[in-house]
Amino acid sequence: MKKIIAFLFVLLVTSSCTSSNNDSVNVYSPSKNIEVNFQLLDEGIPAYLVKFNGISVIDTSKLGFDFKEFSAIKKNFKIVDVQENSFNETWQMPWGETKDVVNNYNEIIVTLQNSDIEISTFKIHFKVYDDGIGFRYEFPHQNNIDSIIILDENTEFNLTENHTCWWIPGDWDIYEHLYNKTSFTEIDALAKAKHVNLAQTYIPENAVNTPVTMRTSDGIHLSFHEANLTDYPGMTLKIDKDKLLMSSELVGSDRLGFKAKLKFPFNTPWRTIQIANKAAELIDSKLIVNLNEPNKLGDISWFKPKKYMGIWWEMHLGKSQWSYSNNGKPHGLHGATTENAKAFIDFASENGFGGVLVEGWNTGWEKWVGFEDREGVFDFVTPYPDYNLEEVVRYAKEKGVEIIMHHETSAAPRTYEQQLDTAFALMKRLGIHSVKTGYVGKIIPKGEYHHGHWMVKHYRKVLETAAKYQVAVNAHEPIKDTGIRRTYPNAISREGMRGQEFNAWSSDGGNPPNHLPTVAFTRMLAGPFDFTPGVFNIKLEPYKKDNQVNTTLAQQLALYVVIYSPIQMACDLIENYKDQPAFQFIKDVGVDWDKSITLNGEVGEFVTIARKEKNNDNWFVGSITSEVARDIEIDFGFLDAKLKYNATIYQDGKNAHWNDNPTDIEIKNMEIDKNSKINFHLVAGGGFAISLVPIK
Ligand code: NOJ
Ligand code: CA
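None of these values were measured; they are calculated from a predicted model. (Residues numbered from 1 in each chain as written. Chains lettered and ligands numbered in written order. Predicted model: local features only at pLDDT ≥ 70, side-chain atom pairs only at ≥ 80, totals over all residues. Heavy atoms only, no water.)

## Some points on the nonpolar core
Worth spelling out the cut-off: Take the buried residues of types Ala, Val, Leu, Ile, Met, Phe, Trp, Tyr and Cys, join any two whose side-chain atoms come within 4.5 Å, and each joined set is a nonpolar core. Exposed residues in this analysis have more than 50% of their type's maximum accessible area, buried residues have under 20%, and partly exposed residues fall in between, with area computed by a 1.4 Å probe over protein chains only. By the convention used here, residues are in contact when the closest approach between their heavy atoms is within 4.5 Å.
In this structure, Phe-38, Phe-139, Ile-150, Phe-224 and Phe-424 are the most contacted members of the largest nonpolar core, which totals 181 residues. For Phe-224, the residues in contact, after removing those within four places along its chain, are Ile-58, Phe-157, Leu-159, Thr-210, Pro-211, Val-212, Met-214, Leu-237, Met-246, Thr-272 and Ile-273. Listed in part, the 19 residues of the second largest apolar core include Phe-606, Ala-610, Ile-632 and Phe-636.

See below:
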């Protein structure tokens, strides 16, 4: 990793960022826009409140725990110590939306004590930034108690009014739901409980998953999530409509009958609230990564951010299949053949793509879905007879392309763990540095869920083992992103939302045009996601008569800028890119950035992002809209004053429309500089993409 030029200081602060008395302590963000008050209520109940620019955004919210064998953490506490610090550093991302990240906060660590109960001491740690807050529980060593079984964490988020919310259900098994926009009191997760398009789903109560984003009547935006989910269950938020209250509901294990078992000492993940005046500011917030620990892997230059193609979309379209045979006989539709892989490698190499993903290369797919016993089905090292792995890798190397490995575990993590070392050792020998993993189906053993403590540990084990073999991981059906890429920068991307694949086969009309303008302000706040944009054959003909992509072609291009991921797929079939002038944008667009600026946006409506490529002076701009057509003025004031740029603009044609005429696109060139202000028209479901290259 590049040398970190960090400006770092920690100092004991004076009363400028905190104020306290016996039962109450305040801490302010560096610019004092956010104020957190921690206090003990009557009966010594721990609680906190949050204000933003003097306006209350979180009302009195209690904190506590229920344990299996010990008294609950609930009341009769006293504050025995308060530590106060300020912190300011700038750290560098090895890859990311931006090179330098400012990590500047004030913190308090409050030690609480109740000598009448077994777990007599714990700490609550608040970090208050200008873009939001994080707090966590810290449990030190306990006398004579080694470990503890958590029945639930009772962290409250007491809302101040009936906000507008963008939410997905608190599903313990999958995040691949469409976002709903309702008022808080209209949240009804259980109404979403039966969903034919999901490979697994379990929604036990009216709760939402995080990030969940809200807008107050004053136009303040709040997003609730968690950071550094390491050794703990995922958190959903239970909805109490009458009290306008959310409270933590941890994902459990029916197999074990509790939520988590932890050894002392331990810390919970950070509970986070991003707070902004404007929706656009949420996207530029670095709160989630800042609340994670620094890079533990050191130099990871073996992973290079890249655009990739691959044997993937054709299976989702039904043009080919992952499996090789049917009832023991080759069916002739297998996608991952040596020949097909070489065709993708040729095309990728000719067009400057760094990677080719090959799914369906290994044995086992005959028993992929619909089988109860999926243990031992996939082995991650044995190719089908028509796929010569060594030859494909050799050929790719010769053409300057890296193969991306694929491990579909079919949600049998025990089988995967047994074979991890063998599977990664094969990759290391072949010089393959990234893997896409998958967990389609109900977790085996029964009673475990994708987002429970047992699986959180599994996903981390995969990441840590992968790192030993210089392998980067793009997990599908993953645990949610909580900024762990800062600590393990081999966590390059993940799914964890409803991806492009739904457009190919879901029976509910696919992703509506407001999907990605919502995802940008919800799921994307958690971190990079592998959406796989770039469909040019929008109507999916002749393969899928009843499905289509619900955007214009120009919007598909804009997604390469709007969506952040250090790996971006151009997912369509080779034949759909040939002789397409718009393909030039995908070839040109950067994938690793010096700087990113969210220029404008409203949740679920539209968003425009500008990004400056790393190691050169090129800028790219992407803008997308929902089903509502609109005009957006771009002020190019972010450009370098010393340069003039040749801009190539890819925008919706005059008659374009996501449904009626999605491929109508206009491509033009013009000179643009820092003083330019240009109005762009986005049609329904449309967008625009711009590449800006300095004129020499
Ligand atoms: C689901 C993943 O999201 C998708 O990308 C992949 O093709 C299939 N599983 C097969 O692993
Ligand atoms: Ca998926």
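## Some details on the sheet that holds strand 27 (residues 355–358)
Here is the rule: Each pair of strands is called paired provided DSSP finds at least two bridges between the two strands. Helix numbering and strand numbering both begin at the N terminus, where a helix is a DSSP run of H or I of at least 4 residues and a strand a DSSP run of E of at least 2. Helix axes use the C-alpha atoms of the stretch in contact, all axes being lines fitted to C-alpha atoms, and the angles between their N-to-C directions lie in the range 0 to 180 degrees.
Pairing is parallel across the open sheet formed by seven strands, whose spatial order is 31-30-29-28-27-24-32. What marks the edges here is a single partner per strand, and that holds for strand 31 (491–494) and strand 32 (567–569). With strand direction ignored, the average angle separating the axes of adjacent strands in the sheet is 30°. Relative to strand 28 (residues 402–408), strand 27 runs parallel, the two being bridged by three bridges.

## Some thoughts on the coordination of the calcium ion (ligand 2)
Our working definition: The rule for donors is simple: N, O or S, within 2.8 Å of the metal, or within 3.2 Å if the metal is Na, K or Ca. Water isn't counted, so a site may look like it is missing partners.
Protein coordination of the calcium ion (ligand 2) is provided by Glu-176 (OE), Glu-176 (OE), Glu-477 (OE), Glu-495 (OE), Glu-495 (OE) and Glu-501 (OE), with donor distances spanning 2.3 to 3.2 Å. The sequence motif formed by the donor residues of the calcium ion (ligand 2) is E-x300-E-x17-E-x5-E. With Glu-176 in the loop between strand 14 (164–167) and strand 15 (180–183) and Glu-495 in the loop between strand 31 and helix 8 (501–505), the pair connects residues that are 319 residues apart, well separated along the chain. A relative accessible area of 4% places Glu-176 in the buried class. Residue Glu-495 is classed as buried on the basis of its relative accessible area of 1%.

## Details of the sheet that holds strand 7 (residues 65–67)
Two orientations exist for strands paired in a sheet by backbone hydrogen bonds: parallel and antiparallel. Here we have three strands laid out as an open sheet, ordered 7-12-21, and antiparallel in their pairing. The open sheet terminates on both sides in strands that have one partner only, identified here as strand 7 and strand 21 (260–263). Taken over all neighbouring pairs, the strand axes of this sheet differ in orientation by 45° on average, direction set aside. Here strand 12 (residues 147–153) runs beside strand 21; their pairing, made up of four bridges, is antiparallel. Bridging from a neighbouring strand, Ile-148 pairs with Leu-262 of strand 21.

## Some details on the site of ligand 1
Keep this limit in mind: For each residue, the test is whether any non-hydrogen atom lies within 4 Å of the molecule or strand; if one does, the residue is near. For this analysis, a polar contact is any N or O atom pair within 3.5 Å, provided that within protein one partner can donate a hydrogen and the other can accept it, and provided that sequence-adjacent residues contribute only side-chain to side-chain pairs. Residue burial considers only the protein chains on display, and all accessible areas are found by Shrake-Rupley using a 1.4 Å probe. Only Asp, Glu, Lys and Arg are considered charged in this grouping, and only Ala, Val, Leu, Ile, Met, Phe, Trp, Tyr, Cys and Pro are considered nonpolar; every other residue, Gly among them, is considered polar.
Glu-359, Glu-408, Lys-436, His-476 and Glu-501 are the nearest of the 14 residues found near ligand 1. A distance of 2.9 Å separates an oxygen atom of ligand 1 from a polar atom in the side chain of Glu-495. Across the complex, the protein chains shield 97% of the 300 Å² of accessible surface that ligand 1 would expose by itself. Looking at side-chain class alone, the shell around ligand 1 contains five nonpolar, three polar and six charged residues.

## Describing the pattern of salt bridges
The line we're drawing: Each reported salt bridge corresponds to a side-chain nitrogen of Lys or Arg within 4 Å of a carboxyl oxygen of Asp or Glu.
One pass over the structure, following the stated rule, counts 32 salt bridges. The salt bridge partner of Arg-394 is Glu-391, with a shortest N-O separation of 2.9 Å. One end of the pair, Arg-394, and the other, Glu-391, are both in helix 5 (residues 389–398), three residues apart, so they sit about a helical turn from each other. In this structure, Asp-594 and Lys-612 form a salt bridge, with 2.8 Å as the shortest nitrogen-oxygen distance. Remark: Lys-612 occurs in strand 34 (residues 606–613) and Asp-594 occurs in strand 33 (residues 593–602); sequence separation between them is 18 residues. One continuous salt-bridge network, built from bridges that share partners, spans Asp-152, Lys-238, Glu-249 and Lys-259.

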